[in-house]
Amino acid sequence: MTPVPSSTVVAYRDDGPLSRAMGLLVAGQLPPLPPVIAGTFVTGVLLLLGVAGTDGLAVFAPAVTLLLAGPGSTHPHDGRFDWLVPPILRLIEYTFVAAVGFAHQVHP
């Protein structure tokens, strides 16, 4: 098991071992908010294409989010807007679940 980080904001990210390992590659030098915003944009585009009927593209949304947001996971999250990172990650997760449900016409 991965130990819980001392920072509350980092703990709310709920990163797994793969994301923490990606963060160790950049040694905590990458601020967390810009990669998460880029991941949100790319994931949003993939989900819109997936809901529009292009099969297969929405499946890559979680992987894109991990690859873009993972390197910022070991940063101390002490910036002015770094508290936004966990809610944005949750928004991406819930939007992915909803988009997959809508794309496959799952009853609410």
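Student: Would you explain the overall build of the protein chain in this entry?
Tutor: Each helix and strand in the protein chain was counted, giving five helices and zero strands. When the helices and strands of the protein chain are read in sequence order from the N terminus, they spell out α-α-α-α-α. In terms of its C-alpha atoms, the protein chain occupies a principal-axis envelope of roughly 40 × 30 × 25 Å. Sequence separation of at least 24 residues holds for 78% of the intrachain contacts in the protein chain that already meet a minimum separation of 6. Of the roughly 6900 Å² of accessible surface on the protein chain, a fraction of 71% belongs to carbon and sulfur atoms. In the protein chain, which carries 4 positive and 6 negative side-chain charges, the distance between the mean positions of the two groups comes to 7 Å.

Student: Any chance you could explain the pattern of salt bridges here in plain terms?
Tutor: As a working rule, side chains carrying opposite charge can pair if their charged atoms are close by. Considering all chains together, one arrives at two salt bridges under this definition. Put simply, Asp 15 and Arg 13 hold a salt bridge, and the shortest N to O gap is 2.8 Å. Owing to a relative accessible area of 2%, Arg 13 belongs among the buried residues under this scheme. For Glu 93, the salt bridge goes to Arg 90, with nearest N and O atoms at 3.0 Å. Remark: Arg 90 and Glu 93 occur in helix α5 (residues 85–103); sequence separation between them is three residues, near one turn of the helix.

Student: Looking at this structure, how should I read unusual backbone geometry?
Tutor: Peptide bonds are, in most cases, trans, and in most cases residues other than glycine have a negative phi. Despite not being glycine, Ala 27 shows a phi value in the positive range, around 55°. Mapped onto the elements, Ala 27 comes out in the loop between α2 (17–25) and α3 (33–51). On the basis of relative accessible area, Ala 27 is assigned to the exposed category, the value being 54%.

Student: How do you make sense of the packing of α3 against helix α4 (residues 61–69) when you look at a structure like this?
Tutor: A pair of packed helices is characterised by two quantities: the angle between their axes and the separation of those axes. For the pair α3 and α4, interaxial distance at closest approach is 8 Å and the crossing angle is 165°. On the basis of the axis angle, α3 is roughly antiparallel to α4. As α3 packs across α4, the resulting crossing turns out to be right-handed. Each of Pro 35, Val 36, Ala 38, Gly 39, Val 42, Thr 43, Leu 46 and Leu 47 in α3 lies in contact with α4, whose residues at this interface are Ala 61, Val 64, Thr 65, Leu 68 and Ala 69. Along the lines of polarity and charge, the residues of the contact of α3 with α4 split into ten nonpolar, three polar and no charged.

Student: Please explain a nonpolar patch on the surface as it appears in this structure.
Tutor: Together, Phe 41, Val 42, Val 45, Leu 49 and Leu 68 make up a nonpolar patch on the protein surface, roughly 390 Å² of accessible area in all. At four residues, the largest contribution of residues to the nonpolar patch is made by α3. Here Leu 49 shows up in helix α3.

Basis of the calculations
- Residues numbered from 1 in each chain as written.
- Predicted model: local features only at pLDDT ≥ 70, side-chain atom pairs only at ≥ 80, totals over all residues.
- Heavy atoms only, no water.
- Helix = DSSP H or I, 4+ residues; strand = E, 2+ residues; numbered from the N terminus.
- Contact = heavy atoms within 4.5 Å.
- Areas by Shrake-Rupley, 256 points an atom, 1.4 Å probe, with all protein chains shown as cover.
- Lys, Arg positive; Asp, Glu negative; His and termini not counted.
- Charge placed at Lys NZ, Arg CZ, Asp CG, Glu CD.
- Salt bridge = Lys/Arg side-chain N within 4 Å of Asp/Glu carboxyl O.
- Buried < 20%, exposed > 50% of the residue type's maximum accessible area, 1.4 Å probe, protein only.
- Axes fitted to C-alpha atoms, helices over the stretch in contact; angles between N-to-C directions.
- Parallel < 35°, antiparallel > 145°, perpendicular 65-115°, else oblique.
- Left-handed = near helix turned anticlockwise from the far one by under 90°.
- Nonpolar A, V, L, I, M, F, W, Y, C, P; charged D, E, K, R; others polar.
- Patch = residues over 30% accessible without salt bridge, like charges linked within 9 Å, V, L, I, M, F, W, Y side chains within 5 Å.

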